[in-house]
Amino acid sequence: AVTAIAVVFIAAGTAVFLMVKKPVSTLPLSASVLSLPDFAFKDVDGNTIALSSLYGRPLVLDVWASWCRFCARQIFDFTALQKEFGDKVLIVEVNRGESLEIVKKYISEVDRAYLFGDGSRTLLFALDADDLLYKDMKGFSMPETLFIDKKGAIVDHTRGHTNIMEMRRRIEDLFAL
């Protein structure tokens with residue numbers, strides 16, 4: 001009876017671990033996703049931003065939605081990394097097809113985590129109303145993140161939540177290019 005109970009606990013523990021600890025998928029880069037067309041985004045303040053205008057330093061495009069709980073954790077971690085690396089890297093949180101009102105409400109609910117000490121916003125929040133970036137990157141998971149070198153070439157694409165140590169390593173790898 002004790003052996004049977006132990007087996008049940010081990011099986012249950014393994015099942016929980018496998019459900020919670022989903023491995024991050026790193027995609028092999030094909031020629032079709034080594035670069036992106038020059039998208040134009042609106043930031044949450046209404047400014048139009050051409051993707052090409054962001055090149056010149058390492059860039060991270062993190063695609064998220066307010067309904068995605070894994071995205072929320074990743075945004076929090078990217079906030080810490082943006083504060084850590086400062087102007088050496090630009091991290092852009094690209095929302096998938098939600099309205100400006102939903103995005104602003106989401107940011108206001110968690111605003112303190114996303115601000116520098118002087119009150120300025122840590123991350124650049126952009127809207128992709130037509131979900132073009134997600135479609136172009138052939139997204140099927142949430143969040144999806146592109147790590148882009150200073151010339152605009154995609155060097156890494158991750159699917160699913162990535163832990164902060166791995167994100168830091170991927171950003172540091174961009175500095176070497």
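So, a few notes on the structure that sits alongside this text. What you see is a predicted model, and the numbers here were worked out from it, not measured in a lab.

Moving on, we get to unusual backbone geometry. The linkage connecting M142 with the following residue, P143, adopts the cis geometry, with an omega of -15 degrees. Structurally, the position occupied by P143 is in the loop between α4 (132-136) and β7 (144-148). At D131, a residue that is not glycine, the phi angle is positive and equals roughly 60 degrees. By relative accessible area, which is 12% here, D131 ends up buried. If you check the backbone angles, K138 has positive phi at about 55 degrees while not being a glycine.

Further remarks concern the pairing of β7. Most of β7 sits inside the fold, with five of its five residues counted as buried. What you see with β7 is no split at all: E144, L146 and I148 on one side and T145 and F147 on the other are buried throughout. The pairing of strand β4 (residues 59-64) with β7 spans five bridges and is classified as antiparallel. When the sheet's bridge partners are listed, V63 is paired in β7 with E144. As judged from the five bridges shared by β7 and strand β8 (residues 154-159), these two strands associate in the antiparallel manner. Counted as the bridge partner of L146 is H157 from β8. Linking β7 to β8, which pair antiparallel, is a turn of five residues; within it G152 sits at a positive phi near 100 degrees.

Quick look at the packing of helix α2 (residues 69-85) against helix α5 (residues 164-175) now. Running from N to C, α2 and α5 cross one another at 45 degrees; their axes reach a closest spacing of 10 Å. Classed by the angle they form, the pair α2 and α5 counts as oblique. The handedness of the crossing between α2 and α5 is right-handed. Along its contact with α2, which presents Q74, D77, F78, A80, L81, E84 and F85, the element α5 presents I164, M167, R168, I171, E172 and F175.

Our focus in this paragraph is α5. Along its twelve residues, α5 runs 17 Å from first to last C-alpha, staying within 8% of the 16 Å computed at 1.5 Å per residue. With a side-chain oxygen positioned 3.0 Å from the backbone nitrogen of M165, the residue opening α5 is N163.

The subject of this paragraph is the nonpolar core. Judged by nonpolar contacts, the single largest core of 42 residues is most densely connected at L36, L61, L133 and I171. For this core, the secondary structure elements donating two or more residues are β4, α2, β5 (90-96), α3 (100-109), β6 (124-128), α4, β7 and α5. Not counting chain neighbours up to four residues away, the residues in contact with L61 comprise L36, L51, V92, V94, L133, E144, T145, L146 and I148.

The rules behind these values
- The residue numbers shown here count from 1 along each chain, following its written sequence.
- Totals for whole chains, interfaces and linings use every residue, but because this is a predicted model, local features are given only for residues with pLDDT of at least 70 and side-chain atom pairs only at 80 or more, for both listing and counting.
- For side-chain calculations, the full set of non-hydrogen atoms in the structure is used, while hydrogens and water are omitted.
- Secondary structure follows DSSP: runs of H or I at least 4 residues long count as helices, runs of E at least 2 residues long count as strands, and numbering of each begins at the N terminus.
- A simple rule labels every residue: compare its accessible area, found with a 1.4 Å probe on the protein chains alone, to the largest value its type can have, and call it buried under 20%, exposed over 50%, or partly exposed in between.
- Any two strands with at least two DSSP-identified bridges between them are counted as paired.
- Orientation is described by lines fitted to C-alpha atoms, with helices fitted over the stretch in contact, and by angles between N-to-C directions that extend from 0 to 180 degrees.
- With respect to orientation, any angle under 35 degrees is reported as roughly parallel, any angle over 145 as roughly antiparallel, any angle of 65 to 115 as roughly perpendicular, and every other angle as oblique.
- What makes a crossing left-handed is the near helix being turned counterclockwise from the far one by less than a right angle; a clockwise turn instead makes it right-handed.
- Two residues qualify as a contact provided that any one of their heavy atoms is within 4.5 Å of a heavy atom in the partner residue.
- Multiplying 1.5 Å by the residue count of a helix minus one yields the expected span of that helix.
- Two N or O atoms count as a polar contact when they lie within 3.5 Å, although within protein this holds only if one can serve as hydrogen donor and the other as acceptor, and sequence-adjacent residues are included solely when both atoms are side-chain atoms.
- For the purposes of this section, nonpolar cores are sets of buried Ala, Val, Leu, Ile, Met, Phe, Trp, Tyr and Cys residues that join through side-chain atoms within 4.5 Å.

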